[in-house]
Amino acid sequence: VAFLLIGSIFRLFRQEDPGYTTTLSMLLAMVVGILSYYLYLLAIIISVVFLIILSIKQQLYKIRTLKQIEWTG
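Rules behind the numbers
Residues numbered from 1 in each chain as written. Predicted model: local features only at pLDDT ≥ 70, side-chain atom pairs only at ≥ 80, totals over all residues. Heavy atoms only, no water. Helix = DSSP H or I, 4+ residues; strand = E, 2+ residues; numbered from the N terminus. Buried < 20%, exposed > 50% of the residue type's maximum accessible area, 1.4 Å probe, protein only. Contact = heavy atoms within 4.5 Å. Areas by Shrake-Rupley, 256 points an atom, 1.4 Å probe, with all protein chains shown as cover. pLDDT = per-residue confidence, 0-100. Axes fitted to C-alpha atoms, helices over the stretch in contact; angles between N-to-C directions. Left-handed = near helix turned anticlockwise from the far one by under 90°. Nonpolar A, V, L, I, M, F, W, Y, C, P; charged D, E, K, R; others polar. Phe/Tyr/Trp six-rings, centres within 6.5 Å; stacked < 30°, edge-to-face > 60°. Expected span 1.5 Å × (residues − 1).

Caption draft 1: Geometry of the overall build of the protein chain. For the protein chain, the helix and strand inventory stands at 4 helices and 0 strands. Residues classed as buried in the protein chain amount to 12% of the 73 residues present. Taking all contacts inside the protein chain whose residues are at least 6 apart in sequence as the whole, residues at least 24 apart take part in 30%. In the structure as shown, the protein chain presents an accessible area of about 6300 Å², 72% of it carried by carbon and sulfur atoms.

Okay, here's the thing in structure tokens:
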């Protein structure tokens, strides 16, 4: 997992539009895994919040694209 995380972080700086879902998912999995041992309620809350963020990612991208069209138009 550590090598995959290093590779995806490296990819963030090397590609034009790399996407952040893989990196966020790996970091979230590690953090929630650690927190589930100590504070399971906080781990559940963080998982739900990130699930909502990742599920509306497509809509947020459309808003960003629309703003770019407005500025260039």
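More follows now that the structure is in view.
Caption draft 2: How the structure looks around the confidence of the model for the protein chain. Looking at the protein chain, pLDDT values average 75 and 77% of them are 70 or higher. Highest mean pLDDT in the protein chain belongs to helix H3 (residues 40-55) (83); lowest belongs to helix H4 (residues 57-72) (68).

Caption draft 3: A look at the packing of helix H1 (residues 2-14) against helix H2 (residues 21-38). With their axes 9 Å apart at the nearest point, H1 and H2 run at an angle of 145° to one another. By crossing handedness, the relation of H1 to H2 is classed as left-handed. Listed contacts from H2 to Leu-4, Leu-5, Ser-8, Ile-9, Arg-11 and Leu-12 of H1 are Thr-22, Thr-23, Met-26, Leu-27 and Met-30. Residue composition of the contact of H1 with H2, grouped by class: 7 nonpolar, 3 polar and 1 charged.

Caption draft 4: A look at the packing of aromatic side chains. Enumeration according to the criterion identifies 1 aromatic pair in this entry. Residues Tyr-37 and Tyr-38 carry aromatic rings whose centres are separated by 4.9 Å and whose planes lie at 85° to one another, so their mutual orientation is edge-to-face. Per residue, the accessibility class of Tyr-37 equals that of Tyr-38, and both read exposed.

Caption draft 5: Representation of H2 within the structure. Between its terminal C-alpha atoms H2 stretches 26 Å, which fits the 26 Å expected from 18 residues at 1.5 Å a residue. On the buried face of H2, the contacting elements are H1 and H3.

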